[in-house]
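# Chain and residue survey
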Amino acid sequence: MPVPIEPITVADRLVKAYKVADEAGLVARLKKKFSKTRIAITGASGIGKTVLFDHLVGKAPNLYYTPPLRSTSVEKANVPHKAMSLVTVPGDLLNPRSSALRDLFVGKDTVEGVIHVVCNGYIPLQYNDTTQSLSDQGVNTLQEYLEYRRRQEVEDFADVLGYIQRSVSAGQGKPKWLLIALAKCDLYANSEDARNHYIADTQSDFVKALNDFKAKVGAGFPISVQPVSTFLEDFQFGETIRPMLGERQRNKVLIEFLRVLEGYAK
Ligand SMILES: Nc1nc2c(ncn2[C@@H]2O[C@H](COP(=O)(O)OP(=O)(O)OP(=O)(O)O)[C@@H](O)[C@H]2O)c(=O)[nH]1
Ligand SMILES: [Mg+2]
């Protein structure tokens, strides 16, 4: 008597094909290729997050690239050909910022890593600034303006570090690293003052905030500081500061930044 042959359905074939691919390691390789490391870009308003984001996700540079207006919501995109997806947190101290920070730093959807942007105070005048309001706060010269903005940068930095630290302490294992971007470095590349403020001077408010954070999350938490430059534009406050990098040097700095970022995203 002939043995009955079991009919093989399409579904059976697919299951079999999946099993073969899985055993050969192909499924794991494909998953790795298409799963992106999610990274938040944080920092105060006007610090350069969206312009950096646009350069990393391939929206810029192009001939017609112009810097965006103040962001009012998060921006999300993948970095082409890299296993990374980026999300910016609008810097303005209003609703979109706090809800974005909550979404990105609390719960199981917490980001893997953080790019925190600072720019040595080279934040353009904001919509609510007037000469009078600045003068009332003792801000009249460029030096006073930069110091005033750097104080705001530190406040914002300490706030974001608080989010990271609470998330790490909650035991989620995320974020896993922090990359501090010294953005617009074309405007202050040789500045001893900037070097001291961000790196060397343990008395600077910035370094103090970072040391406080390190003491809380432990020495093993990876942190690095990397200069970056994107849009070569003059900065004006009383006097004009011109970018001191040419396009080729800018590209080198940007590529180096991407290389460091990629090292974390692997
Ligand atoms: N010289 C110079 N200027 C820059 C650079 N990047 C950004 N800028 C200037 O900084 C401005 C603000 O940059 P944005 O990226 O819009 O700032 P943001 O952090 O996204 O600000 P919010 O959207 O308000 O949170 C831009 O309009 C440019 O004028 C840079 O690399 N070099
Ligand atoms: Mg923006």
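Read on for an overview of the structure. Because the structure is a prediction, the values reported are computed rather than measured.

Our next topic: the nonpolar core. Within the largest apolar cluster, 49 residues are counted, with the highest numbers of intra-cluster contacts made by Leu52, Val117, Val118, Ala181 and Ala183. Considering each element in turn, this core owes the most residues, seven residues, to helix H6 (residues 142-169). Leaving out residues up to four positions away in the same chain, Leu52 has contacts with Ile41, Val117, Ala181, Ala183, Val228 and Thr230.

By the element assignment, Asp186 lies in the loop between strand S5 (177-182) and helix H7 (192-200). Distance from Asp186 to Lys214, taken between C-alpha atoms, is 29 Å for residues 28 residues apart in sequence. Apart from residues no more than four positions distant in its own chain, Asp186 is found in contact with Ser229, Leu232, Pro243, Met244, Leu245 and Arg250.

We now examine the environment of Tyr65. One can find Tyr65 in the loop between helix H3 (49-56) and strand S2 (75-78). In the structure, Tyr65 is positioned 52 residues away from Arg13 in sequence and 50 Å away in space, judged by C-alpha atoms.

Close to ligand 1 lie 27 residues; Ser45, Thr50, Pro67, Ser71 and Gly91 are nearest. With three residues, H3 is the largest single contributor of residues to the shell around ligand 1.

Another point: the pairing of strand S1 (residues 37-42). In terms of burial, S1 is largely enclosed, as five of its six residues are buried. Pairing between S1 and strand S3 (residues 84-88): five bridges, direction parallel. Following the sheet pairing, Ile39 is matched in S3 by Leu86. Judged from the four bridges that link them, S1 and strand S4 (residues 113-118) form a sheet pairing that is parallel. Bridge pairing in S4 links Ala40 to Val114.

About the criteria used
- Residues numbered from 1 in each chain as written.
- Chains lettered and ligands numbered in written order.
- Predicted model: local features only at pLDDT ≥ 70, side-chain atom pairs only at ≥ 80, totals over all residues.
- Core = buried A, V, L, I, M, F, W, Y, C linked by C-beta atoms within 7 Å.
- Buried ≥ 20, exposed ≤ 12 C-beta atoms within 10 Å, placed from the backbone.
- Helix = DSSP H or I, 4+ residues; strand = E, 2+ residues; numbered from the N terminus.
- Contact = placed C-beta atoms within 7 Å.
- Near = placed C-beta within 6 Å.
- Pairing = 2+ DSSP bridges.

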